[in-house]
Amino acid sequence: MSTEMIDRDTGTELESTSIRRWVRWRGPIGALVLFALILGVWTYAVESGAVHRVILPPPGEVLEAFIATLGEGFFYGHLWVTLQEVLLGFAIGVILGFSLGALLGTSALTREISLPYIVAFQGLPKIVLAPVFITAFGFGMTSKVMMAVAISFFPLLINTMSGLMTVDPEAIKLMQSLTASKRDILLKLSVMHALPSIFAGVKTSLTLALVGAIVGEFVGARSGLGFLLAAYSYQLKVGRVWAITIILALIGILLYVAIEYAERKLVFWSSKREAQVAM
Amino acid sequence: MTQTLIHTRDVSKVFGAGDDRVVALEGISLEIEAGEIVSLLGASGCGKSTFLTILAGLLDPTAGIVRVEGAHPRPRREVGLMFQRSLLFPWRTVAENVLLPAEIMDLPRQEMRERAEDLLALVGLAGWGRRYPSELSGGMQQRVALARVLLPDPDILLLDEPFGALDEMTRESLDLELARIAQLTGKTVVLVTHSVYEAVMVSDRVFVFTSRPGRVAGIVDVPFPRPRELSASGTAEFADRVSQVRQFMETSL
């Protein structure tokens, strides 16, 4: 019985191997069909004139621009600048967000004092800080790193804080009955309990760090992919614009997958993970 | 040879103040001897869990005197507390969960590791040490919690409805196992329960608690020899004790 596959939708046992094979492959096949469909609609929309070529060139042209971009040496200079900004901003943002979140999650007094400011900062669209940071830190990498930090530390702060605050009071009682110190309770219980929530925050922070760096580059920079994208846009090199866009998406996906992998190794017990596996 | 391990006099506990004032416990005076298994029996919200928390040293009474092994209670190695939920940490293996008290109390590692293995065997989970709690049934998880509370070799076990969330068949067998282990290791056990049957089955004495405020309505001696068998519950003497307990419960309503 256990070797039989169960169809999740209908709950019926599937006996024929061809049907089993179909169940296994229908997801990937469907995704490929959908991709072909999108390319078809895209091509049709451009060729029929419904969408202007200056806004969206046909797929072939984007592919050409993509390959051309990867073949140029200066592209890698810009890529490296953006990667540094994102990773440095993300790292600082994570350390800052975790530390502040840990402080607020463990001390009710600090929480009460800073809550109004947290709410205010949460409501602020952090992108408006970009011009200020450019003025303060110049056109170089520093202002973009700061931007990435400002926009990415917040979700981690909130998730760390709420993770630490939702520890089971009875588990704390258990630890106390075992003569645990506050430090024991924090390290052996609270932080471990908060880890799934912290990782969810880290994933959001990573995406936002990329947004922060790119926005910073849009507003004022001499290098980086955001700068390159804006430059191509002014020159109406639309194929190149889309090529850079795709590259930025790939960077985002790659970093996300890396974090996801780390999460699977470190937070192996979390059931939340299962809901996210279907990517 | 009997020695009083737990002694309380006129213990009361009041929560809140003014209109929200709730008297959880009032005038609890009792003595528990070394090696005894006693039950604190009562309806939900009668303060029996509060009383256990006071004995564990996690909560101070509003008034009255509490002595556990001659001193004011505080969390320490000699007293173990177990809850209705297993409270196993899902990021630790079964063995690592059992070893948690050793880590916190800084007990010798190698010795404790061997002891954890022995205890897992004692509760019928030999060979399960490397599994994670999520792979275990509810009854098995409570067995792990039992092994964990036994690890530092406490003199006193304070058990707050330890098998209350389990199905009746699992609970009955775990009750007898608990009594067997307590006798084997010479523990003094205070068991909080709302099951008349469970209380009479495992304990030497049953303290019947009233509700709001929590008071001791009466004490029923259960002088059957230990270890007991499930079949003991079919005897006339057993039925007699159960009805004594029920009478106290009814008069307390």
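Here the residue numbering is sequential within each chain, running from 1 through the sequence in written order. Think of it this way: whatever chain is written first is A, whatever ligand is written first is 1, and the rest follow in order. It should be noted that, the model being predicted, local features are given only for residues of pLDDT at least 70 and side-chain atom pairs only at 80 or more, the latter also being counted only at that level, while totals for whole chains, interfaces and linings use all residues.

**Focus: the overall build of chain B**
- Every helix listed is a DSSP run of H or I at least four residues long, and every strand listed is a run of E at least two residues long, numbered separately from the N terminus. The helix and strand inventory of chain B stands at 8 helices and 9 strands.
- The C-alpha atoms of chain B give a radius of gyration of 18 Å, which matches the 18 Å a tight globule of 253 residues would have.
- Its C-alpha atoms put chain B at 50 × 45 × 40 Å along the principal axes.
- Note on burial: count the other C-beta atoms lying within 10 Å of the residue's C-beta; 20 or more is buried, 12 or fewer is exposed, in between is partly exposed, and C-beta positions come from the backbone. Residues classed as buried in chain B amount to 42% of the 253 residues present.
- A pair of residues counts as a contact when their C-beta atoms, built from backbone coordinates, are within 7 Å of each other. Residue pairs in contact within chain B that sit at least 24 positions apart in sequence constitute 70% of those at least 6 positions apart. C-alpha atoms define the radius of gyration, and 2.2 Å times the number of residues to the power 0.38 defines the globule rule.

**As for the overall build of chain A**
- In terms of helices and strands, chain A carries 11 helices and 2 strands.
- Helices and strands appear in chain A in the N-to-C order β-β-α-α-α-α-α-α-α-α-α-α-α.
- Taking 2.2 N^0.38 as the reference for a compact globule, 279 residues should give roughly 19 Å; the C-alpha atoms of chain A span a radius of gyration of 24 Å, well beyond that estimate.
- Each of the three principal axes of chain A carries a C-alpha extent, and together these read 75 × 70 × 30 Å.
- When each of the 279 residues of chain A is scored for burial, the buried share is 33%.
- A separation threshold of at least 6 residues defines the contact pool for chain A, and within that pool the share at least 24 residues apart is 73%.

**A short note on the nonpolar core**
- Note on terminology: a nonpolar core is any set of buried Ala, Val, Leu, Ile, Met, Phe, Trp, Tyr and Cys residues joined through C-beta atoms within 7 Å. Core analysis: the biggest nonpolar cluster contains 74 residues, and B:Leu55, B:Val98, B:Ala147, B:Leu158, B:Val190, B:Val206 and B:Val208 have the highest contact counts within it.
- Broken down by element, the residue count for this core peaks at 6 residues, all from helix α5 (residues 138–150) of chain B.
- Sequence-distant contacts of B:Leu158, defined by excluding residues within four places in its chain, comprise B:Leu52, B:Leu55, B:Ala56, B:Val79, B:Gly80, B:Leu81 and B:Val190.
- Residues A:Ile134, A:Leu156, A:Val202 and A:Val241 belong to the second largest nonpolar core, which totals 53 residues.

**Digging into helix α4 (residues 108–123) of chain A**
- Helices are assigned an expected span. That span is 1.5 Å times one less than the residue count. Taking 1.5 Å per residue, 16 residues should reach 22 Å; α4(A) reaches 22 Å between its end C-alpha atoms and fits that length.
- Each residue is assigned a bend, namely the angle between axes fitted to the seven residues that terminate at it and the seven residues that start at it. At A:Ser114, α4(A) shows its largest bend, some 55 degrees, and a proline, A:Pro116, comes one to four positions later.

**Thoughts on the domain arrangement of chain B**
Residue and element names in this part refer to chain B.
- As used throughout, domain bounds are those supplied by an automatic or database domain assignment. Domain boundaries assigned for chain B yield domain 1 (1–78 + 156–253) and domain 2 (85–153).
- Each partner contributes to the interface: domain 1 provides 9 residues, whereas domain 2 provides 8 residues.
- Among the elements that line the side of domain 1 that touches domain 2, the one with the most residues is helix α6 (residues 168–185), at 3 residues.
- Residue composition of the side of domain 1 that touches domain 2, by class: 7 nonpolar, 1 polar and 1 charged. The classification used treats Ala, Val, Leu, Ile, Met, Phe, Trp, Tyr, Cys and Pro as nonpolar, Asp, Glu, Lys and Arg as charged, and all other residues, Gly among them, as polar.

**Quick word on the environment of B:Gln244**
- With respect to the helices and strands, the residue B:Gln244 is situated in helix α8 (residues 236–251).
- In this structure B:Gln244 comes out as partly exposed when scored by C-beta crowding, with 18 C-beta atoms within 10 Å.

**Concerning the confidence of the model for chain B**
Residue and element names in this part refer to chain B.
- Averaged over every residue, the pLDDT of chain B is 88; the share at 70 or more is 98%.
- Per-residue confidence from the predictor is given as pLDDT, running between 0 and 100. The least confident element of chain B, judged by mean pLDDT, is strand β9 (residues 216–221) at 83; the most confident is helix α2 (residues 94–98) at 95.
- Here the predicted complex carries an ipTM of 0.90, next to a pTM of 0.81.

**Side note on the pairing of strand β8 (residues 205–209) of chain B**
All names here are of chain B.
- Of all the 5 residues making up β8, 4 are buried; the element is thus mostly covered by neighbouring parts of the structure.
- Think of it this way: DSSP has to see at least two bridges between two strands before they count as a pair. Both strand β3 (residues 37–41) and β8 contribute to a ladder of 4 bridges, which runs parallel. Considered in β8, the bridge of Ser-39 is made with Val-206.
- Bridge count for β8 against β9 is 5 bridges, and the pairing is antiparallel. Across the sheet, Val-208 pairs through a bridge with Gly-218, a residue of β9.
- Where β8 folds back on β9, the antiparallel hairpin that results is connected by 6 residues, among which Arg-212 adopts a positive phi of roughly 40 degrees.

**Looking at the sheet that holds strand β7 (residues 188–193) of chain B**
Residue and element names in this part refer to chain B.
- Pairing is mixed in the open sheet, where 6 strands are placed in the order β5-β6-β7-β3-β8-β9. Looking along the sheet, the strands with just one partner apiece sit at the ends: β5 (79–82) and β9. The sheet shows a mean angle of 15 degrees between the axes of neighbouring strands, taken without regard to direction.
- Relative to β9, α8 is tilted by about 175 degrees, and along the sheet it contacts β3, β8 and β9. Throughout, an axis means a line fitted to C-alpha atoms (over the contacting stretch in the case of helices), and angles, computed between N-to-C directions, take values from 0 to 180 degrees.

**Quick word on the interface of chain B and chain A**
- At the junction of the two partners, chain B supplies 18 residues and chain A supplies 12 residues.
- Here the side of chain B that touches chain A is composed, by residue class, of 14 nonpolar, 1 polar and 3 charged.

**Concerning the environment of A:Phe153**
Residues and elements named next belong to chain A.
- Residue placement: Phe-153 occurs in helix α6 (residues 141–165).
- The class for Phe-153 is buried, based on 28 C-beta atoms found within 10 Å.
- In this structure, the C-alpha to C-alpha distance between Phe-153 and Met-192, residues 39 residues apart in sequence, is 20 Å.
- Apart from the residues within four sequence positions on either side, Phe-153 is in contact with Gly-93, Leu-96, Gly-97 and Ser-205.

**Digging into the sheet that holds strand β2 (residues 22–33) of chain B**
Residue and element names in this part refer to chain B.
- Here we have 3 strands laid out as an open sheet, ordered β2-β1-β4, and antiparallel in their pairing. With partners counted over all chains shown, the strands left at the sheet margins are β2 and β4 (63–68), one partner each. Along the sheet, successive strands turn relative to each other by an average axial angle of 15 degrees, direction set aside.
- As paired strands, strand β1 (residues 4–15) and β4 are joined by 5 bridges and run antiparallel to one another. Paired with Arg-9 across the bridge in β4 is Ile-65.

**What about the domain arrangement of chain A?**
- Assigned domains of chain A: these are domain 1 (5–51) and domain 2 (61–277).
- Here the C-alpha centre of domain 2 of chain A lies 33 Å away from the C-alpha centre of domain 1 of chain A.

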